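Below are the chains, spelled out letter by letter.
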Amino acid sequence: MKSKSLVLLLASMLALTGCAGAGENPEGGGTTPEEQHQKESEIVLVSISVKTQPTKKEYREGETFDPTGMVVEATYSDGTTKEVTNYQVSNQALTISTTSINILYEGKTAQVDITVNPLPTYVVTFMASESEKIEDVTYKEGATPSYSYSVPSTAQYEYEFLGWSLTPNGDVLSELPKVTQNATYYAKIQQKTRKYSIIFKNEAGSVLQNSEVEYGTKPEAPEYNPSDTAQYDYSLVGWATSQGGEVLASLPEVTGAATYFAIVSSTVRSYTIKFVDEDGDEIQSNTLEYGATPTCDYEVEDTAEWDYTTKWSKTAGGSAIESFPSVTGNATYYAVVTKVKQKYDITFKNEDGSAYKTVNVEYGSVPSVTSPTKAADQQYTYAFAGWSTTK
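These numbers were taken from a predicted model, which means no experiment stands behind them.

### A look at the overall build of the chain
Piece 1. Scanning the chain for helices and strands turns up two helices and 21 strands.
Piece 2. Taking 391 residues into account, the globule formula puts the C-alpha radius of gyration at 21 Å, and the chain, at 67 Å, lies well above it.
Piece 3. With the C-alpha coordinates of the chain rotated into their principal frame, the extents come out at 240 × 85 × 35 Å.
Piece 4. Each of the 391 residues in the chain was classed as buried or not, and the buried ones make up 23%.
Piece 5. Just so you have it, the chain exposes about 26400 Å², and 48% of that area is on carbon and sulfur atoms.
Piece 6. One way to put it: in the chain the 29 positive side-chain charges average out to a point 5 Å from where the 51 negative ones average out.

This is how it looks when you write it as structure tokens:
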């Protein structure tokens, strides 16, 4: 029985000892998880250093830093170290003034010394033609050359820059290649004959034609027939450089923009004026200028019985007008004839020839007057016997 109790006691002690170790009992001299965490949190990064230099330490201008082969080591406050990879370095293009690269990790910095060699330079020559140089331009290797070039226009020509070619008459390059050596490029220029605006205007200044005509060619004037008016006939005489100016013998070759004005002559228009009698027969036809006043000497001759008056109408059988209007076009006038009976003075005289009485009597009427009387004398008495056409 004693032996069994001993075994159980030993087992219990072992069990207790195991539990104490697992729980890091302070009485047993261990560290709790909380203490371990606090201890680890007190460890801080002290510095970083480049343990192994990168494979490439010599560069050409314009390249970027290559960290291949570089080992960066971090040192902590508890004396421990470890290699780190999530450091930061600049990826900017290197310049010849760059002598070191900064390595950054969690606020700590280390440096790597490097050498940056300048790029070689080359001369690119730009040519206007096979024999005419525009300019030599120096470029660093790898640069893309460019050059803005234009040829000023002249009165006769305008020039379009198409691009650069490798030979004086070669094809235009779509783009200039990067510089790797000295090079020469030739400007490719397209020449075009310039065109100018040539305007033709009528005598009043209204545009008849506006066209683009090449330098050195003669412009063609438009067909132009000035519009006549009732008063004037117009005809084109020629063209002048100013309104109402001197007529040019011929149009000059085009050397620039120009405006030409029509020069016209005018002639007063003439019209036919006809006169027709009361029977419809034409009695007179005159050609008169615009604005003139027509006249006609036609008169119906008076007879012993009738006194005729002639006036004129614009239409057959129309009303008579008081006077002829000025000529503004062809016209026909119709005679309007009126008549009245002629009247005559009939004079009656005494037997001694002295005037007795005068009466005005229409043609065909019988004149009448009271019979004259004569007082008797000592010898005779008198009675009216009648009238005689002679004494």
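Don't stop here, the text continues.
### A look at a negative patch on the surface
Piece 1. On the surface, D297, E299, E301 and D302 cluster together into a negatively charged patch.
Piece 2. In this structure, D302 sits in the loop between β17 (282-289) and β18 (306-313).

### Things to note about unusual backbone geometry
Piece 1. One non-glycine residue, E106, lies in the positive phi region at around 45°.
Piece 2. The topology assignment puts E106 in the loop between β5 (100-105) and β6 (108-113).
Piece 3. E106 sits in the exposed class, given a relative accessible area of 58%.

### Here we look at the pattern of salt bridges
Piece 1. For the structure on display, the rule yields ten salt bridges.
Piece 2. Between K51 and E83 there is a salt bridge, with the nearest N and O atoms lying 3.6 Å from each other. Highlighted residues: K51 in strand β1 (residues 45-52) and E83 in strand β4 (residues 81-84), separated in sequence by 32 residues.
Piece 3. Through salt bridges that share partners, K51, E73 and E83 make up one connected network.

### Let's talk about the sheet that holds strand β9 (residues 133-140)
Piece 1. Taken in spatial order, the four strands line up as β9-β8-β11-β10 in an open sheet, and their pairing is mixed. With partners counted over all chains shown, the strands left at the sheet margins are β9 and β10 (157-165), one partner each. Between one strand and the next, the sheet's axes are offset by a mean angle of 25°, whatever the strand orientation.
Piece 2. Two elements, β10 and strand β11 (residues 183-193), share eight bridges in a ladder whose sense is antiparallel. Its bridge partner lying in β11, E158 is registered against K192.

### Let's talk about the nonpolar core
Piece 1. Within the largest apolar cluster, 19 residues are counted, with the highest numbers of intra-cluster contacts made by I48, M70, I103, Y105 and I114.
Piece 2. Residue assignment for this core shows that the elements contributing at least two residues are β1, β3 (71-76), β5 and β6.
Piece 3. Leaving out residues up to four positions away in the same chain, M70 has contacts with V50, T52, Q53, P54, F65, Y87, I103 and V112.
Piece 4. With 13 residues, the next largest nonpolar core counts A128, V137, V179 and Y185 among its residues.

### Examining the sheet that holds strand β16 (residues 270-276)
Piece 1. Reading across from one edge, β17-β16-β19-β18 is the order of the four strands in this open sheet, with mixed pairing throughout. The outermost strands of the open sheet, each flanked by one partner alone, are β17 and β18. Recorded for the sheet is a direction-independent mean angle of 25° between the axes of neighbouring strands.
Piece 2. Bridging between β16 and β17 involves seven bridges; their strand directions are antiparallel. In the strand pairing of β17, F275 is matched with Q284.

### Considerations on the environment of E132
Piece 1. With respect to the helices and strands, the residue E132 is situated in the loop between β8 (121-127) and β9.
Piece 2. By relative accessible area, which is 47% here, E132 ends up partly exposed.
Piece 3. As for E132 and T99, which are separated by 33 residues in sequence, their C-alpha atoms are 44 Å apart.

### Details of the side chain of Q342
Piece 1. Topologically, Q342 is positioned in the loop between β19 (331-341) and β20 (343-349).
Piece 2. Classification of Q342 as buried rests on a relative accessible area of 18%.
Piece 3. One polar contact links the side chain of Q342 to the main-chain carbonyl oxygen of W306, over a distance of 3.2 Å.

### Quick look at the packing of aromatic side chains
For any pair of aromatic rings, the description consists of the separation of the ring centres together with the inter-plane angle of the planes.
Piece 1. As enumerated under the stated definition, the model contains 22 aromatic pairs in all.
Piece 2. Ring plane angle 75° and centroid distance 5.1 Å describe the contact between F200 and W239, whose orientation is recorded as edge-to-face. Residue F200 is located in strand β12 (residues 195-201), and its partner W239 is located in strand β14 (residues 232-240); the two are separated by 39 residues in the primary sequence. W239 shares its class with F200; the two are buried.
Piece 3. An aromatic cluster of at least three residues, connected via ring pairs, comprises F126, Y147, Y149, F161, W164 and Y185.
Piece 4. Sitting over the face of the ring of W306, K339 holds its NZ or CZ atom 4.2 Å from the ring centroid.
Piece 5. The ring of W306 carries the charged tip of K341 above its face, separated from the ring centre by 5.4 Å.

### Brief notes about the environment of Q111
Piece 1. Tracing the backbone through its elements, the reader meets Q111 in strand β6.
Piece 2. Between the alpha carbons of Q111 and I48 there is a distance of 9.5 Å; along the sequence they are 63 residues apart.
Piece 3. At 3.0 Å, the side chain of Q111 forms a polar contact with the side chain of N102.

Conventions used here
Residues numbered from 1 in each chain as written. Predicted model: local features only at pLDDT ≥ 70, side-chain atom pairs only at ≥ 80, totals over all residues. Heavy atoms only, no water. Helix = DSSP H or I, 4+ residues; strand = E, 2+ residues; numbered from the N terminus. Rg over C-alpha atoms; globule rule 2.2 N^0.38 Å. Buried < 20%, exposed > 50% of the residue type's maximum accessible area, 1.4 Å probe, protein only. Areas by Shrake-Rupley, 256 points an atom, 1.4 Å probe, with all protein chains shown as cover. Lys, Arg positive; Asp, Glu negative; His and termini not counted. Charge placed at Lys NZ, Arg CZ, Asp CG, Glu CD. Patch = residues over 30% accessible without salt bridge, like charges linked within 9 Å, V, L, I, M, F, W, Y side chains within 5 Å. Salt bridge = Lys/Arg side-chain N within 4 Å of Asp/Glu carboxyl O. Pairing = 2+ DSSP bridges. Axes fitted to C-alpha atoms, helices over the stretch in contact; angles between N-to-C directions. Core = buried A, V, L, I, M, F, W, Y, C linked by side-chain atoms within 4.5 Å. Contact = heavy atoms within 4.5 Å. Polar contact = N/O pair within 3.5 Å; in protein donor to acceptor, adjacent residues only side chain to side chain. Phe/Tyr/Trp six-rings, centres within 6.5 Å; stacked < 30°, edge-to-face > 60°. Lys NZ or Arg CZ within 6 Å of the ring centre and 35° of its normal.

Function cannot be inferred from these measures alone, as they are strictly geometric.
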